[in-house]
Amino acid sequence: MSLAFCGTENNSAAYNVDGGVLNNGCFLDALNVVPHVFLLFITFPILFIGWGSQSSKVHIHHSTWLHFPGHNLRWILTFVLLFVLVCEIAEGIVSDGFSQSLHLHLYMPAALAFMAGVTSIVYYHNIETSNFPKLLSALLIYWVLAFTMKTIKFAKYTEHGIGLRQLRYCITGLLVLLYGLLLAVEINVILGRRYMCFADPTEVKPPEDLQDLGVRFLQPFVNLLSKSTYWWMNKFITSAHKRPIDLKVIGKLPIAMRALTNYIKLRKEFEDQKRPQGTAPPGPKWIWQALRKAFGRPLILSIMLRVLADLLGFVGPLCISGIVHHISKDNRTIQQPMKLLGIYFISSKEFLENAYVLAVLLFFALLLQRTFLQASYYAAIETGINLRGAIQTKIYNKIMRMCTSNMSMGELTVAQICNLVAIDTNQLMWFFFLCPNLWAMPIQIIVGVILLYYLLGVSALIGASVIAVLAPVQYFVATKLSHTQKTTLEYSGERLKKTNELLRGVKLLKLYAWENIFRDSVEETRGRELSSLRAFAIYTSISMFMNAAIPIAAVLTTFVVHVHISEDGDLSPAVAFASLSLFHILVTPLFLLSSVVRSTVKALVSVQKLSEFFSCDEIGDEQEPRATLTSGYSNHNQNKYHAVPLKVVNRKRPARDDWNNFSPRGDQEADGVSQGVDQDTCIKITAGYFTWTDGPATLCNVDIKVPFGECSRVRDVFVFVGFIVLLLPPRTHTGKLTMIVGQVGCGKSSLLLAALGEMQRVSGTVMWNSLPSPECHGDESPTPDRDAAGDGTVRKRGPVAYASQKPWLLNATIVENVTFEMPMIKSRYNAVIEACSLQPDIDILPQGDQTEVGERGIILSGGQKQRISVARALYQQTNVVFLDDPFSALDIHLSDHLMQDGILKMLREEKRTVVLVTHKLQYLPHADWIIAMKEGTIQTEGTLKDIQKSEPELFEQWKTLMHRQDQEFQTETVTETMTDLERKNLRRAMYSREAAKTEEDEEEESMESEDDDNLSQVMRQRATIPWRSCGAYLSSAGPLLLSLLLLSQLLKHSLMVAIDYWLARWTSHVISAKADGSPRNCSAATQDCSFSHAWYLSVFSVLCCLGIVLCLATSVAVEWTGLAAAKELHHGLLNKIILAPMRLFETTPLGSILNRFSTDTNTIDQHIPTTLECLSRSTLLCVSAMAVISYVTPVFLIALLPLAVTCYFIQKYFRVASRDLQQLEDSTQLPLLSHFSETVEGLPTIRALRYEPRFRHRLLQFTDANNIASLFLTAANRWLEVRMEYIGACVVLVAAVASISSSLYNQLSPGLVGLGLTYALMVSNYMNWMVRNLADMEVQLGAVKRINGLLRTEAENYEGLLTVSQVPDGWPRHGEIKIQNLSVRYDASLKPVLKNVNAHVSPGQKVGICGRTGSGKSSFSLAFFRMVDMFEGRIVIDNIDISKLPLQTLRSRLSIILQDPILFSGTIRFNLDPEMKATDEMLWEALEIAQLKSVVKTLPGGLDAIVTEGGENFSQGQRQLFCLARAFVRKSSILIMDEATASIDMATESILQKVVMTAFADRTVVTIAHRVHTILNADLVIVMKRGIILEYDTPQALLASEDSVFASFVRADK
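Since the structure is predicted, the reported quantities are computational estimates derived from the model, not experimental observations. (Residues numbered from 1 in each chain as written. Predicted model: local features only at pLDDT ≥ 70, side-chain atom pairs only at ≥ 80, totals over all residues. Heavy atoms only, no water.)

Draft legend 1. Molecular detail of the overall build of the protein chain. For the protein chain, the count of helices and strands is 53 helices and 30 strands. Across the 1614 residues that make up the protein chain, the buried fraction comes to 57%. In the protein chain, once contacts between residues fewer than 6 apart in sequence are set aside, the share between residues at least 24 apart is 82%. For the protein chain, the accessible surface area stands at approximately 66900 Å², while carbon and sulfur atoms represent 59% of it. (Helix = DSSP H or I, 4+ residues; strand = E, 2+ residues; numbered from the N terminus. Buried < 20%, exposed > 50% of the residue type's maximum accessible area, 1.4 Å probe, protein only. Contact = heavy atoms within 4.5 Å. Areas by Shrake-Rupley, 256 points an atom, 1.4 Å probe, with all protein chains shown as cover.)

Here it is, written out as structure tokens:
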């Protein structure tokens, strides 16, 4: 065929210009080439030379600054223009098909226009980001030229009578409109930026976010193409392969997305609702209204995008119908189109009947639909995340103003508040994410049913009704599922509680050989949990089954009815496959329905909870902090927003100017009141009645004063009548110490909190005569606001350093806990550490004072926490210090040191006012002022001399107690104080942990010498899928279930293909039968065609029924496999842990082991089976789809290769980034939740110090960190899905073009074409699910990997050379112990802790072992139980070498009392005798010996009285006595006491000693001594040092020897 611009037929009649050149169609098209050629010639040099990129005058780090007016409109218009130009090209090609020669002018100008359109937007983008607007003049000329040329062409067409029936006329009109609009946009840029025709161009600055190098989340700033395809994420996702993603990599949030910005927006809406009535409307309605107003707009955009995407989704089935219909037409000849202006014109109907045109339209519709869908998802999730940040900030601000009584009286617990933050805010976020479905689903269902009706008639409605009828069943199953999940959670909680107890008391369980009893108890709870999980699995499999089976059932019903109802039984491939696709579309919203309804209900409940929480009582009458933009604050904070309480503070003026803004009336009142107040008083409470609840007052008729400390600066004097009165005295004072004393529960702590304003004041006044400390001016000091309270009551006291009775620490390092946001002054810090005796504790810790303490770090003892808490109060430079019983958890030596160095020396030297609550009456002589309390009232106050005169009886009582305490201090002979023991425990824990670390790190260190190689190896490992873990998981389910799973999945998907293939075959035969339509096939009598559907229909029905059965089989197989694997893995883990050597528990943090039983087990129980099912389904669907398309059109395999390679790289990069981002999201949530819980627990301390703004700022940082991780994860998911959807669209295009060509030239049956296209359409849906599930599976298999790591632990050797039957029944009868040349170590890799020890203990002897910390005393006791590695020598008990005994037998025949008394939750009977061997008489006898009989008798249930977790309902001393009773019940002839009296008082210790001497008179007792005087009555004393026996003799002989170590111990403690 010849080729020419205007064609060559009719002797080039197309070149005829007799009627004028403009009346020639070809010339008009040639004229339209001019603007495009002009643009391409002008812009290409500029783009390639790069003028724009070097001309930027503004230095910003992102090339994303979009600042020209009408930016988004330009992009949208350009996209529309390009689409219309593609249509013009297609129309030209189709029109040209009717002529004999090729007419280039029909599509070449459009092709050039397309190139020019692409160039124009690329050029524009480069000019905009490089900020060189003058170069836009080239585009202005182009739009003018293009608009002019198209207008001429359009005018000529109109003149020649070409109208709307001709498609080219419509396209030309559209192009005129688009070029005109683009010209208008260009003129608007000139008017906005004034870069030409104006003398002074407009100066613009880039937004603050783009000037900030830390902001890396660019979604709001990039152009529309990058926004919709997430192109800006490319670099971020590929870089994850080179280095792991952490908070530094993802940077900061843009200002508009920060929690504070969104909180301000939300609070404004709340306040707007309050204004008309003055108060907030009650109930959750006002919260919903505020949320709607604050976050409704982006949600509306998301809903609109979703509706558009759903409507575009219907283009697929319609195009399939059109294509199949076109190629199955008998007569493919189309009527000749009309010819005007020397060229052919076709109508839109003729255009859309072309199969290739439909294929291209389908491709574009898919691209657009997927883009809109992902944009809708992103907009909804981003809105949800912003909303979550705002609500969390609002909750936190509410907490900061909440009455402490709400927590102390149990109305609100820390757990409830954490649930609000962790669960309810997330419920709201998910509701906002699913919200577009509420609007889009009805539209999708209505349109789907209408189209089905159009295709199939009434039968479609019957098919749709099958789906509709089964939807409520689906909802019912979903409801049952959530109910079962709750039950499972309850059982999981119970199992975890038992597991936690087992792990905490594992040492005792091993020593008493009770492991199996406790393991069985956990297994029993696990059994109940598994039965609940079984129900969960059944409902999940029903849900999966319905998801898969409903479409099959609907299609089967529809086609059966259609064949019977339809007169001619018309079931063409076009109709069949279009309706098949429509059913798949229709099923989706009905399945989503249950999730959306559940999410809506949960959101309603969450808002109700939030409404109740926001209506809780608040302290004082403070307003919410106002967020302000402050210039001065930016030095301290990267964030330009900061929450400041009460009002905006002008940082540039001194604070005193703010104080002077009050009305003169306030000053007069101040003067009036101050005349009647003693200026030496710091705090004065007059006639105070205070309460925690609305009931009777806790503190009654309180009249006290606290003398003043320092006041070196003279300031204005103010008083606010009401709750708090502020007075500032004009002269200097020295530091004063006020002590508050009284019995337990008399209200001492409440008095401090009342003074701090934490209690509700019923009546009376609290007057503060304090100065704000110099450090607390500016942003820490709350600034008064006249409008803050209606009655003028404003809290005006300065900051107070407060150490509460229950020590409160942050989850932070020790140094951060002590300095507590104050600047680090090394000398002061060291002095505080010294005063609180913290240095020895710090020296033990691995990172010194940089060690993290709290929930996520090292667990400290009560005394250590108490001293850090006091150190914080000492370090703060406030004028007033409140110490609430700081000596309660400290031993007498430490208390004395703290009193002398910390309180009397340090605080007094600094002239600070100290208020000290204490029970240590020996310190009363140091007090400048004493307040004695009794039963909530003030008994007396004054100096010690005043009280001696006024209350002689009370003074005498104090004197007696002071004398007793002093005596105790004198006579307490201790080798190791309580503090030493705490340090010892800490040292042991650290030693074990460090040893473990060094073992683990040895291999790593050898690798780390080659840093680069190591990093690349780690990166390679991160990129590979953990197949080994996957194999371990599947194999743990057993071979039978595994083979059933694989077989059922393969059979199911093969059958699905068979069903669709049969449908293709059936419908093709219908077409061919119609085509053949010969008389022999029709009976004259009935005039009915003899083509029978019966055979095809029956096979189709059988296949469908089999498919439904297999759907059930696969869903059950998946869930049962998951259940079996979960059961096996937990069982194996529990057995391994319970039989593991003690070293594992000493070297592995308890939380880490517990996590295997909690988080990881939960993942294996509930998440992996679902992910596995989704992954296998989506993968097999993709594989079967590719196979079907390749079978239908083998040429598709050529295109498959590049698509598969692209897919591989996309999933490879995505998986790594996704895993990192998921872990980052989880890890940023923990600090956020713990910040909430630690704020709630430490509320009085924070408020006392006036540190609310600092804590709010920390919250904003934590919230933003969590939110940015969530946003990046969302953007990464969208990045993947857009790419996978586009690849899916390419698959559809290639498959469509290939199958159309095969059908037209190779006579491919229409049924197979329909089959291929339907499967191609499916690929785009399932491809991204495959990769997403693969990424999820990878993260979840981490749980299996971690559990497998523990399953590799070697168990203790429980077998012995002797069998249980060979050990004599009563062994050991006598209790004779021979230790021969014994050497012991904790592990083969560690040094020995006992070296060549020899000793002999006769039957019934009492042996005492003493020595300094680390001498090997405890290792000595553990050797009897083979808890340590005895690598040399032996221990012989009653002539049997213990190394030959089975471990269980050995441990069950000895008794031990440990230093830490351990009780388990359950009954007293269970704690004394878990084996249930002893009679009641034996148990009562044991309790009587332990002096506990009277205590237990008074309890409800006696022996069956409940013991709470850890025995918290008994005192420390009582718990130790229970342990003694437990040892007695066993009646073994050897008892070992491992520092059993270390943590109990003198009275309990004397009981213990007495019992040992009488009840255990005939038994061998080995005592490891904590207090030397406890072994003075022993028969034999062993003194140890560094693992060897130093002295070995009777106590009398050792004391007689002057130079013996034992004698020096005793002398040192006298």
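Next comes the rest of the account.
Draft legend 2. Main features of the pattern of salt bridges. Per the counting criterion, the structure on display carries 34 salt bridges. In this structure, lysine 268 and aspartate 272 form a salt bridge, with 3.3 Å as the shortest nitrogen-oxygen distance. With a gap of four residues between them, lysine 268 and aspartate 272 both fall in helix 13 (residues 259-277), about one helical turn apart. Here aspartate 272 falls in the partly exposed class, since its relative accessible area comes to 28%. (Salt bridge = Lys/Arg side-chain N within 4 Å of Asp/Glu carboxyl O.)

Draft legend 3. Layout of unusual backbone geometry. Even without glycine at this site, aspartate 885 takes up a positive phi of about 50 degrees. You can see aspartate 885 is positioned in the loop between strand 13 (880-884) and helix 31 (892-909). One non-glycine residue, asparagine 1396, adopts positive backbone phi at about 45 degrees. With respect to the helices and strands, the residue asparagine 1396 is situated in strand 20 (residues 1392-1401).

Draft legend 4. Fine view of a nonpolar patch on the surface. On the surface, a nonpolar cluster with roughly 440 Å² of combined accessible area is contributed by Tyr453, Val458, Leu461, Ile462 and Ile565. No other element matches helix 20 (residues 458-504), which puts three residues into the nonpolar patch. (Patch = residues over 30% accessible without salt bridge, like charges linked within 9 Å, V, L, I, M, F, W, Y side chains within 5 Å.)

Draft legend 5. Representation of the packing of helix 17 (residues 355-400) against helix 43 (residues 1252-1306) in the model. Orientation of helix 17 relative to helix 43, taken along the N-to-C sense of each, is 170 degrees, at an axis distance of 9 Å. With respect to each other, helix 17 and helix 43 are oriented roughly antiparallel. (Axes fitted to C-alpha atoms, helices over the stretch in contact; angles between N-to-C directions. Parallel < 35°, antiparallel > 145°, perpendicular 65-115°, else oblique.)

Draft legend 6. Looking closely at helix 26 (residues 748-755). The buried fraction of helix 26 is high, at seven of eight residues. Looking only at helix 26, the buried set comprises Lys748, Ser750, Leu751, Leu752, Leu753, Ala754 and Ala755. One or two positions beyond helix 26, positive phi appears at glycine 757, with a value near 85 degrees.

Draft legend 7. Representation of the environment of leucine 1458 in the model. As for its placement among the helices and strands, leucine 1458 is situated in the loop between strand 24 (1455-1457) and strand 25 (1466-1467). Separated by 947 residues in the primary sequence, leucine 1458 and leucine 511 have C-alpha atoms spaced 9.7 Å apart.

Draft legend 8. Representation of the pairing of strand 15 (residues 929-934). The element strand 15 is extensively covered by neighbouring structure, given that five of its six residues are classed as buried. As defined by bridge partners, strand 10 (residues 737-742) adjoins strand 15 across five bridges and the pair is classed as parallel. Bridge pairing in strand 15 links glycine 742 to methionine 933. (Pairing = 2+ DSSP bridges.)

Draft legend 9. Representation of the confidence of the model for the protein chain in the model. Mean pLDDT over the protein chain: 77, with 80% of residues reaching 70 or higher. Averaged over each element, pLDDT in the protein chain is lowest for helix 24 (residues 655-659) (30) and highest for helix 17 (92). Within the model, the stretch residues 51-61 combines pLDDT values under 50 with 21 contacts to residues more than four positions away or in other chains. Predicted confidence for residues 994-1013 stays below pLDDT 50, and this span has eleven contacts to residues more than four positions away or in other chains. (pLDDT = per-residue confidence, 0-100.)

Draft legend 10. View of the sheet that holds strand 15. Taken in spatial order, the six strands of this open sheet run 12-13-14-10-15-16, and their pairing is mixed. Of all strands in the sheet, those bounded by a partner on one side alone are strand 12 (800-803) and strand 16 (937-942). On average, each strand axis in the sheet is tilted by 15 degrees relative to the strand beside it, whichever way the strands run.

Draft legend 11. Just the packing of aromatic side chains, in detail. In total, this model carries 37 aromatic pairs according to the counting rule given. Ring centres of phenylalanine 217 and tryptophan 232 lie 5.3 Å apart, and the angle between their planes is 85 degrees; on these two criteria the pair is classed as edge-to-face. Pair noted here: phenylalanine 217 is in the loop between helix 9 (208-211) and helix 10 (224-229) and tryptophan 232 is in the loop between helix 10 and helix 11 (233-239), with a separation of 15 residues, a long-range link. Each member of the pair phenylalanine 217 and tryptophan 232 is classed as buried. Considering the side-chain rings of phenylalanine 820 and tyrosine 1251, the 5.4 Å spacing of their centres and the 25 degrees angle between planes classify their relative orientation as stacked. With a gap of 431 residues between them, phenylalanine 820 in the loop between helix 27 (814-819) and helix 28 (826-835) and tyrosine 1251 in the loop between helix 42 (1243-1248) and helix 43 connect regions that are remote in the sequence. Assessed through its relative accessible area of 0%, tyrosine 1251 is described here as buried. Here the aromatic residues Phe559, Trp1062, Trp1066, Trp1095, Tyr1096 and Phe1100 are joined through ring pairs into a cluster of three or more. The ring centre of phenylalanine 270 lies 4.6 Å from the NZ or CZ of lysine 394, which sits over that ring. Above the ring of tryptophan 1484, the side-chain terminus of lysine 1497 is found at 5.5 Å from the ring centroid. (Phe/Tyr/Trp six-rings, centres within 6.5 Å; stacked < 30°, edge-to-face > 60°. Lys NZ or Arg CZ within 6 Å of the ring centre and 35° of its normal.)

Draft legend 12. Broad picture of the pairing of strand 29 (residues 1580-1585). Most of strand 29 is tucked away: five of the six residues are buried. Examined bridge by bridge, strand 21 (residues 1406-1410) and strand 29 share four bridges and lie parallel to one another. The partner of cysteine 1410 across the bridge, within strand 29, is valine 1583. Here strand 29 runs beside strand 30 (residues 1588-1593); their pairing, made up of five bridges, is antiparallel.

Draft legend 13. View of the nonpolar core. Met233 and Phe1100 are the most contacted members of the largest nonpolar core, which has 136 residues in total. It is helix 43 that provides the largest number of residues to this core, a total of 18 residues. Setting aside chain neighbours within four positions, we find phenylalanine 1100 in contact with Val555, Leu556, Phe559, Ile1059, Trp1062, Leu1063 and Trp1066. (Core = buried A, V, L, I, M, F, W, Y, C linked by side-chain atoms within 4.5 Å.)

Draft legend 14. Spatial organisation of the sheet that holds strand 20. If you trace the four strands from one edge of the open sheet to the other, you get 20-19-22-23, paired in antiparallel fashion. Both edges of this open sheet fall to strand 20 and strand 23 (1440-1441), since each of them pairs with a single strand only.

Draft legend 15. Representation of a positive patch on the surface. Residues Lys1391, Lys1395, Lys1585 and Arg1586 make up a contiguous surface patch of positive charge. With respect to the helices, strands and loops of the structure, lysine 1395 is situated in strand 20. (Lys, Arg positive; Asp, Glu negative; His and termini not counted. Charge placed at Lys NZ, Arg CZ, Asp CG, Glu CD.)

Draft legend 16. The packing of helix 14 (residues 285-313) against helix 17, seen in detail. Contact geometry for helix 14 and helix 17: axes closest at 8 Å, N-to-C directions at 160 degrees. Judged by the inter-axis angle, helix 14 sits roughly antiparallel to helix 17. Once helix 14 is placed against helix 17, the crossing between them reads as left-handed. (Left-handed = near helix turned anticlockwise from the far one by under 90°.)

Draft legend 17. Geometry of the environment of lysine 134. Inspection of the secondary structure puts lysine 134 in the loop between helix 6 (108-130) and helix 7 (137-159). Residue classification places lysine 134 among the exposed residues on the basis of a relative accessible area of 58%. Put simply, lysine 134 and isoleucine 190 are 56 residues apart on the chain and 9.3 Å apart in space, counted from C-alpha to C-alpha.

Draft legend 18. Highlighting the side chain of glutamate 1285. Along the polypeptide, glutamate 1285 turns up in helix 43. Given a relative accessible area of 4%, glutamate 1285 falls into the buried group.

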